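# A closer look at the structure
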Amino acid sequence: MATRLPESAFDDRLAAVRDRLADTDADAATWVGATAIEYLTGFHHIQTERPVVLAVTDDRVEVTVPRLEVERVEPNPRIDAVHHYFDYPGGEPVSVAVEMLDGLGVDAIAADVDGPPGVMGYEGPAFSESLDVETQSWVDRMRWAKSDAEVDLIRESAKWANLGHRYLADFSEPGAHPATVSQRASTEASRAMLDALGDAYSVRVRGDGPVHAGYISGEETALPHGHTPNERLSEGDVLVTGATANVDGYRSELERTMFVGDYSDEQEHYFELMLEAQTLAIDALGPGVRVAEVDEVVWEYFEEQGVTDLAQHHVGHNIGLGAHEPPYIDRGWGERYDGDDAVMAPGHVYTIEPGLYTDEYGYRHSDTVAITESGTERLTNFPRDIDSNVV
C-alpha cells in the first residue's frame, strides 16, 4: 500500500535538474508552475493571482511566496529559505523574487517561463527585465516517465477509484438524480479510503474527500465533455461515468459506458464498437511502441467500421500529477516528436479512452494502463463488458 512518495524522490529530482543546470550558462533554474514546484519540492499550492517562484542553484533551494503561504512552506525540508510579499497587487512578487535571486548571486536563469502567467487577473513584469533568461521545460519532460514509486501511487489511486465506481453503479437506479448519486458514491468511497489509510493518507484535498465518482447521462453523453444534467435517470438512459482518487497528488482515471435498464440493439452496436476499439488500443501498447501507432490502430478500425464521423478525440493521454499529461496518444504525435520522444517507455501511464458519439448518446470507456519493462499493466479493473455495465 503506497500512500506518499519517499523523501528520496525529491532528492533525485533536484539532482536531475541540477545536472541540467550545469550544462547551461545560467546561475539558477526557476519555476513558477505549481505542478513543477510540487514535483521538485513536495510543496503544493493553488496557483492564483499570487505567484510563487522557486529557485534552484547548485547548492540552494529558495522560494518566494505570498504571505499566506509562509507557514505552509517553511517546514519543507528541501527549501533552504523562504521569501515573501504581503499580497498582490499591493506586493510585488517579481521584485521580491529578483531580490531572492540577487541574494544568491544570480544574473542569469533557466526559467520555465519568463515571469508568472496572467492567472486570475495577475499582471506583472517579466524576469527578463532584470535578468538574463533562457527557457527550459526540464520538469515537463521528466514527468513523462513515472518512477516505480509514482506508479505505486497511481495503482493505489486506481484501487479507490474502482471502489468509488462500484458505489456509483450500486446507487444508480431510475428516478435517482446524477448529482446526488455522485455525492453519495464519492462520500462513501472517501470514507472507506480514509478509514483504511488513517494517518498514512497524505492530505491533498480541501473541503471534500479524496475519491470522486460521477457521470453525465442522457443526451449529455453525446458531448465528450458534457455536463451533469438536472434530470433524473430513466429506463434506457446511457451513462458515461468517471472515477478517480487523489493519492499524494497522483490520479488514475476510470470511465465506463453504462445503461439504466435494458439497452437497445443500436446501443449495444455502438458499445461493442467502442469496446473493440479500446481492446485494440490496450493490446497495441508496450515499451518501444510508437505513441502515434496506437491511435492509428484505432482510427483504422473506425475506418473499417465506417464510424470515423462519430470519433471526436484521440485515444488517450499520460496521467500522473496532472489529469492530462504528454505524451498524447494521437496520430499527430510522431509529426512533432522523434527518437525516444516518439515511443512509449516504461513508466509512462496512459488513459485508454477511444469514444464514439452519435446524435443521441456517447460511448466511452477509459482505463489507466502502465507501460512496464516487459509489457503493460492495467491498473483499473472495473468490468468492461456490456452486461456488467447495466444498472
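Keep in mind that this is a model prediction, so the values were computed, not measured. (Residues numbered from 1 in each chain as written. Predicted model: local features only at pLDDT ≥ 70, side-chain atom pairs only at ≥ 80, totals over all residues. Heavy atoms only, no water.)

## Notes on the side chain of Asp237
Rules: Secondary structure elements are defined from DSSP: runs of H or I of at least 4 residues count as helices, runs of E of at least 2 residues count as strands, and each element is numbered from the N terminus. For every residue, the accessible area obtained with a 1.4 Å probe (protein chains only) is divided by the maximum for its type, and the residue is called buried under 20%, exposed over 50%, and partly exposed between those limits. Charge convention: Lys and Arg are scored as positive, Asp and Glu as negative, and His as well as the terminal groups of each chain are ignored. By convention in these notes, a salt bridge is any Lys or Arg side-chain nitrogen within 4 Å of a carboxyl oxygen on Asp or Glu. In protein, a polar contact means a hydrogen-donor-capable atom and an acceptor-capable atom, both N or O and within 3.5 Å, with residues adjacent in sequence counting only if both atoms are side-chain atoms; elsewhere, any N or O pair within 3.5 Å suffices. Contacts are assigned to residue pairs that have any heavy atoms within 4.5 Å of one another.
Looking at where Asp237 falls in the secondary structure, it is placed in the loop between β7 (211-217) and β8 (238-245). Despite its burial, Asp237 remains without a salt bridge, the nearest opposite charge being carried by Arg232 at 11 Å. Separated by 2.9 Å, the side chain of Asp237 and the backbone nitrogen of Ser234 make a polar contact. When neighbours within four sequence positions are excluded, Asp237 is seen to be in contact with Gly218, Arg232, Met258, Phe259 and Val260.

## What about helix α1 (residues 7-22)?
Since the α-helix advances by 3.6 residues per turn, residues separated by three or four positions end up pointing in the same direction. Rules: One fewer than the residue count of a helix, multiplied by 1.5 Å, yields its expected span. Arc definition: directions from the helix axis to the C-beta atoms.
Under the 1.5 Å per step criterion, the end-to-end length of α1 is 23 Å for 16 residues, consistent within 8% with the ideal 22 Å. Among the residues of α1, those classed as buried are Ala9, Phe10, Arg13, Leu14, Ala16, Val17 and Leu21. Down the axis of α1, the sector holding all buried residues measures 155°, keeping them to one side. Exposed residues on α1 whose side chains face more than 90 degrees from its buried face are Asp12, Asp19 and Ala22. Buried residues belonging to α1 abut β1 (28-31), α2 (34-41), β2 (53-56), β3 (61-66), α5 (138-142) and α6 (148-171).

## Points about the UniProt feature "domain: Peptidase M24" (unreviewed entry) in the chain
Cut-off, in case you're wondering: UniProt positions are given in the numbering used here, feature names are shortened, and annotations may be inferred rather than shown by experiment.
Following the UniProt record, one finds the feature "domain: Peptidase M24" (unreviewed entry) at residues 153-373. As annotated, residues 153-373 comprises 35% helix and 19% strand, and the C-alpha atoms at either end are separated by 18 Å.

## Considering the UniProt feature "domain: Creatinase N-terminal" (unreviewed entry) in the chain
Taken from the UniProt record, the annotation "domain: Creatinase N-terminal" (unreviewed entry) applies to residues 13-87. Across residues 13-87 one finds 29% helix and 25% strand; the C-alpha atoms that close the span lie 30 Å apart.

## Notes on the nonpolar core
The cut-off we apply is this: Side-chain atoms within 4.5 Å are what join buried Ala, Val, Leu, Ile, Met, Phe, Trp, Tyr and Cys residues into a set we call a nonpolar core. Domain start and stop points were drawn from an automatic or database domain assignment.
By size, the foremost hydrophobic cluster in this structure holds 47 residues, and its most contacted members are Val17, Trp31, Leu40, Leu54 and Met193. Both of domain 1 (7-143) and domain 2 (148-388) provide at least three residues apiece to this core. Leu54 has contacts with Ala29, Thr30, Trp31, Ile37, Leu40, Thr41, Val61, Glu62 and Val63, leaving out every residue within four places of it along the chain. Core analysis: the second largest hydrophobic core is formed by 35 residues, Val298, Leu310, Val369 and Ile371 among them.

## Things to note about the packing of aromatic side chains
We count it as follows: Centres within 6.5 Å are what make two rings of Phe, Tyr or Trp a pair, Trp counting through its six-membered ring; a difference in plane orientation under 30 degrees is then read as stacked, over 60 as edge-to-face, and the rest as tilted. Charge-over-ring placement is defined geometrically: NZ (Lys) or CZ (Arg) within 6 Å of the ring centre, and within 35 degrees of the ring normal.
Summed over all chains, the structure comprises 11 aromatic pairs. Taking the centre distance of 5.6 Å and the plane angle of 20° together, the rings of Tyr167 and Phe171 count as stacked. Taken together, the residues Tyr167 and Phe171, both in helix α6 and 4 residues apart, mark about one turn of the helix. According to the relative accessible area criterion, Phe171 is buried, its value standing at 15%. Aromatic side chains Trp333 and Tyr337 sit 4.2 Å apart centroid to centroid with 20° between the ring planes, which places their arrangement in the stacked category. Ring pairs connect the aromatic residues Trp144, Tyr328, Trp333 and Tyr337, which therefore count as one cluster. Here the basic side chain of Arg78 rests over the ring of Phe10, its NZ or CZ set 4.2 Å away from the ring centre. Residue placement shows Arg331 over the ring face of Trp299; its charged tip is 4.0 Å from the ring centre.

## Topic: the pairing of strand β15 (residues 367-371)
Test applied: In short, DSSP must find at least two bridges between two strands for them to pair.
Most of β15 is tucked away: 5 of the 5 residues are buried. The alternating pattern of β15 places Asp367, Val369 and Ile371 on one face and Thr368 and Ala370 on the opposite face, and all of these are buried. Here strand β12 (residues 349-352) pairs with β15 via 4 bridges, running antiparallel. Its bridge partner being in β15, Tyr350 is matched across the sheet by Val369. Two strands pair when backbone bridges link them, and β15 and strand β16 (residues 376-378) are joined in this way by 3 bridges, in the antiparallel orientation. Bridging from a neighbouring strand, Ile371 pairs with Thr376 of β16. Linking two consecutive strands that pair antiparallel, namely β15 and β16, is a turn of 4 residues.

## Here we look at the pattern of salt bridges
Evaluated as defined, the whole model comprises 24 salt bridges. Here Arg67 makes a salt bridge to Glu71, at a shortest N to O gap of 2.9 Å. We classify Arg67 as partly exposed; its relative accessible area is 31%. Each of the salt bridges in this network shares a partner with another, and the network as a whole consists of Arg256, Asp367, Arg378 and Arg384.

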